[in-house]
Amino acid sequence: MGLYDAVRDLPLLVDSYALEPLEQQVSSGFLRKSTVIRLAGAGEEGLGEDVTYEATEHDLVQAQGPIHPLTGEWTIATFSDHLATLALFDHEPEQRAYHDYRRWSYESAALDLALRQAGLSLGDAVGRIAQPLTFVVSMRLGEPATTDRLRAWLGYYPSLRFKLDATADWTEELIDELRQTGAVDSVDFKGQYHGTKVDTVPDPELYERVVAGIPDAWLEDPALTPETEAVLEPHHERVTWDAVIHSVGDIQALRWPPRTVNVKPSRFGSVERLFAAYDYCEANEIGAYGGGQFELGVGRDQIQLLAALFHPETPNDVAPVGFNVDPQPGLASSPLAVVPRATGFATTG
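Residues numbered from 1 in each chain as written. Predicted model: local features only at pLDDT ≥ 70, side-chain atom pairs only at ≥ 80, totals over all residues. Heavy atoms only, no water.

## Regarding the packing of helix 3 (residues 97–118) against helix 11 (residues 271–283)
Relative orientation of the contacting elements helix 3 and helix 11 amounts to 90°, with a least axis distance of 9 Å. Judged by the angle between their axes, helix 3 and helix 11 are roughly perpendicular. In this structure, helix 3 contributes Asp 100, Trp 104, Glu 107 and Leu 111 to the contact, and helix 11 contributes Val 271, Arg 273 and Leu 274. Counted by class, the contact of helix 3 with helix 11 contains four nonpolar, no polar and three charged residues. (Axes fitted to C-alpha atoms, helices over the stretch in contact; angles between N-to-C directions. Helix = DSSP H or I, 4+ residues; strand = E, 2+ residues; numbered from the N terminus. Parallel < 35°, antiparallel > 145°, perpendicular 65-115°, else oblique. Contact = heavy atoms within 4.5 Å. Nonpolar A, V, L, I, M, F, W, Y, C, P; charged D, E, K, R; others polar.)

## Looking at the packing of aromatic side chains
Here the structure, examined in full by the defined rule, presents 14 aromatic pairs. On the basis of an interplanar angle of 40° and a centroid distance of 5.9 Å, the ring pair of Tyr 98 and Tyr 101 is categorised as tilted. In this pair, Tyr 98 and Tyr 101 both sit in helix 3, three residues apart, roughly one turn of the helix. We note that Tyr 98, like Tyr 101, is buried. Among the aromatic side chains, those forming a connected cluster through ring pairs are Phe 135, Trp 153, Tyr 156, Tyr 157 and Phe 323. Sitting over the face of the ring of Phe 89, Arg 102 holds its NZ or CZ atom 3.9 Å from the ring centroid. (Phe/Tyr/Trp six-rings, centres within 6.5 Å; stacked < 30°, edge-to-face > 60°. Buried < 20%, exposed > 50% of the residue type's maximum accessible area, 1.4 Å probe, protein only. Lys NZ or Arg CZ within 6 Å of the ring centre and 35° of its normal.)

## With respect to the sheet that holds strand 9 (residues 218–220)
Strand order in the open sheet made by the five strands is 6-7-8-9-10, with parallel pairing throughout. Strands at the two margins of the open sheet, each flanked by one partner only, are strand 6 (137–139) and strand 10 (239–240). Bridging between strand 7 (residues 162–165) and strand 8 (residues 184–188) involves four bridges; their strand directions are parallel. Considered in strand 8, the bridge of Leu 164 is made with Val 187. (Pairing = 2+ DSSP bridges.)

Below, the structure is given as structure tokens:
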């Protein structure tokens with residue numbers, strides 16, 4: 001029996017729903033916005049978070065309000081089928097992935113509500129127990145790139161691990177400094193992003209410096225050109241993927257059979273596709289690690305819970321939100337104790 005079979009027939013009663021705006025000023029140039037979906041029914045409430053990156057998309061959907069026909073008696077499977085028929089955007093968004101992000105907010109809220117109505121936790125439903133969660137901190141090294149911020153974090157948390165975005169100004173000297181810290185689990189080339197603010201130009205010389213200079217790090221999302229493939233081919237067992245992974249088919253289509261992949265729940269859109277990926281990875285001995293989308297609310301708790309249930313000991317990019325800002329003491333350290341609520345797709349945190 002697949003994972004989805006454990007939840008697909010859960011009854012779901014939806015009486016109403018509402019949208020809640022969230023925002024956080026991350027820097028002078030970045031106001032992060034998200035939208036919490038609140039599904040209500042039978043005296044319970046289920047939550048999900050739309051992590052679409054474009055702030056104006058949240059302004060639009062919040063102004064429209066709860067316009068979709070979601071009330072009624074469903075199962076997880078029939079509600080998901082219904083969502084697939086709805087136009088969750090009234091226009092084509094800037095990024096095709098936003099369709100999956102918004103779909104996931106409703107799917108995760110429905111799963112939360114159905115579990116609460118059934119008196120079950122997600123762990124109960126799928127037969128798993130949440131384990132202490134290993135996490136890494138994901139960040140860039142500034143302009144120009146230095147190890148200052150990384151070392152500031154290490155000053156507070158000496159055992160902290162990192163997932164770093166490589167940029168063209170990473171010199172051999174900087175890379176050597178990073179290697180000497182022993183704190184870098186993975187390097188993200190952002191080579192599979194297109195039309196976003198984080199796109200990078202394929203740089204085989206940068207790839208060569210990173211491959212040789214940090215020999216134990218995972219190499220995430222490289223761009224594939226004849227020049228970069230020549231660098232990566234001898235090290236393909238270290239290559240892992242993120243932006244292109246939205247389904248099992250995407251994993252099967254990768255250039256090299258992966259040892260591990262970044263499984264970001266919101267990229268899969270539906271619970272069914274996400275659970276199919278967990279099943280596929282387990283059946284094919286492919287490792288998985290979780291990834292975040294700068295969630296501001298319940299979405300971060302939910303991806304931490306999924307990671308704690310399905311891949312707790314991998315370099316999960318799901319650090320508590322306090323690690324998104326300037327280095328500071330007093331934050332929870334890795335491994336993180338993830339305590340599920342007695343019912344629902346939620347934690348007590």
